[in-house]
Amino acid sequence: MTEKKQRKKKVAFPHMGLIYVAWSAALRKVGLEPYIPPYTSKKTLSLGTKHSPEAICLPYKLILGNFIEALEGGTDYVAMITSPGICRLGEYGKCIQNALHDLGYDARYVELQLYDGIAGMYRFLKQITGKNRPLMFINAIITAIRKVFLVDDLETKLAYLRAREIRTGDAEKAFNKALKIVEAEDSLFGLRKAKKLAFAEMDKVKIDKDREVLYVDITGEIFLVCDPFSNQNIEKELGKMGVQVRKSLTVSSFLKDAIIPKIFRKGETHLQRANRLAKPYLMRDIGGDALECVSDVAYANERGIDGIIHISPFTCMPEIMSQNIFPAMRENCEIPILPLIMDEQTGKAGYLTRLEAFVDLMKRRKRKKIIEEKQLSSSVM
Ligand code: SF4
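Conventions and cut-offs
- Residues numbered from 1 in each chain as written.
- Predicted model: local features only at pLDDT ≥ 70, side-chain atom pairs only at ≥ 80, totals over all residues.
- Heavy atoms only, no water.
- Core = buried A, V, L, I, M, F, W, Y, C linked by side-chain atoms within 4.5 Å.
- Buried < 20%, exposed > 50% of the residue type's maximum accessible area, 1.4 Å probe, protein only.
- Helix = DSSP H or I, 4+ residues; strand = E, 2+ residues; numbered from the N terminus.
- Contact = heavy atoms within 4.5 Å.
- Salt bridge = Lys/Arg side-chain N within 4 Å of Asp/Glu carboxyl O.
- Pairing = 2+ DSSP bridges.
- Axes fitted to C-alpha atoms, helices over the stretch in contact; angles between N-to-C directions.

Glancing now at the nonpolar core. I96, I234, L238, I309 and L355 are the most contacted members of the largest nonpolar core, which totals 91 residues. Ranked by the residues each element gives to this core, the list is headed by helix α7 (residues 134–162), at 11 residues. Setting aside residues no more than four positions away along its own chain, I96 makes contact with Y60, I63, L64, F67, M80 and Y109. Core analysis: the second largest hydrophobic core is formed by 20 residues, V294, A300, F326 and M329 among them.

Here's what the structure looks like:
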């Protein structure tokens, strides 16, 4: 065989938080070489911005930047996750393909239609490998799904530890070690053991269990909620301020709605809850994650947590709509809401000041509530 025939095809997906852990495992399992582009940086953003229409949303610019860096780094294929969508997401694929072509890249571009569920993933693997190996593909898909859930569980644990760690940074260090354990294990059987080892690593972090902690949900456009570069590491910043963050939108919750067959789902999914709770304020899906965001505010209010932050990309149409619905929700929802709009111009200092002010507000509100409750209970006695 010639050297060319032996070389594995390199495939790159764009970044969105830690999703690479899952897709790289699936590609390895079907005999391809995952090409993980350099993690999104200012360089990625400026490359994407330079070659994008000015008013297009931030995720598009970052994805284009990831693809340019991947192609410069020598990937053979770039793979795009698409959905029919009511918003611009439905057009992203064609636009990115044209942009890469205009820039002179000989890009082999493939699409993964996520809303087609397992069938869409199967079709994608068949197309990219040029083979039809049902057992191998199903194994790869299950491994990727398991890794998504495991990484999300580790992130939930990280959020708990960060808000309570005694030495700043310990939780993150343990998380990185845990992530390496998960990354290194691709067999379904081995993943169970890896899960135990990863959580054991995180359990080593020394915490102050009695610390006064605030609880905040983060909602918004899913890419921004999940991607630390585009949300300027909001979870880490809030963690340092003693806030335990819960992401309302995660890749695993998305998979439960879009990929996992109904018989394997437990409890209410995010979309089912969205349809139940958003109804008084928004009657139908208007694209993106607007329906989920509106319901997330109602859900956070219902649970009596301390606040909710809504993050959206500048010019994101569905999120502009949901932000305009929040004031109408005030009648029934007393939870504090902080809307944050992100684009390539967003500076860190002003952003941190807004977060600090929000945390301060929630703290004072919580303390006032505790005092009022004490006064009420003593007047009843
Ligand atoms: S949801 Fe918003 S940011 Fe995402 S593709 Fe649609 S318009 Fe763009």
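This next bit is on the pattern of salt bridges. Taken as a whole, this structure holds 22 salt bridges when the rule is applied. Its salt-bridge partner being D116, residue R123 comes within 2.5 Å of it at the nearest N-O pair. For K247, the salt bridge identified is with E235, shortest N-O distance 3.6 Å. With a gap of 12 residues between them, K247 in strand β6 (residues 243–247) and E235 in helix α11 (residues 234–240) connect regions that are remote in the sequence. You can call K247 buried: its relative accessible area is 13%. Members of the salt-bridge network, linked through shared partners, are R28, K147 and D186.

The 4 strands lie next to each other as β6-β5-β7-β8, forming an open sheet whose pairing is parallel. Here the strands that pair on one side only, and so sit at the sheet edges, are β6 and β8 (337–342). Strand after strand, the sheet turns through a mean of 25 degrees between neighbouring axes, direction not considered. Here strand β5 (residues 214–220) runs beside β6; their pairing, made up of 5 bridges, is parallel. Note on β6: the bridge partner recorded for Y215 is Q244.

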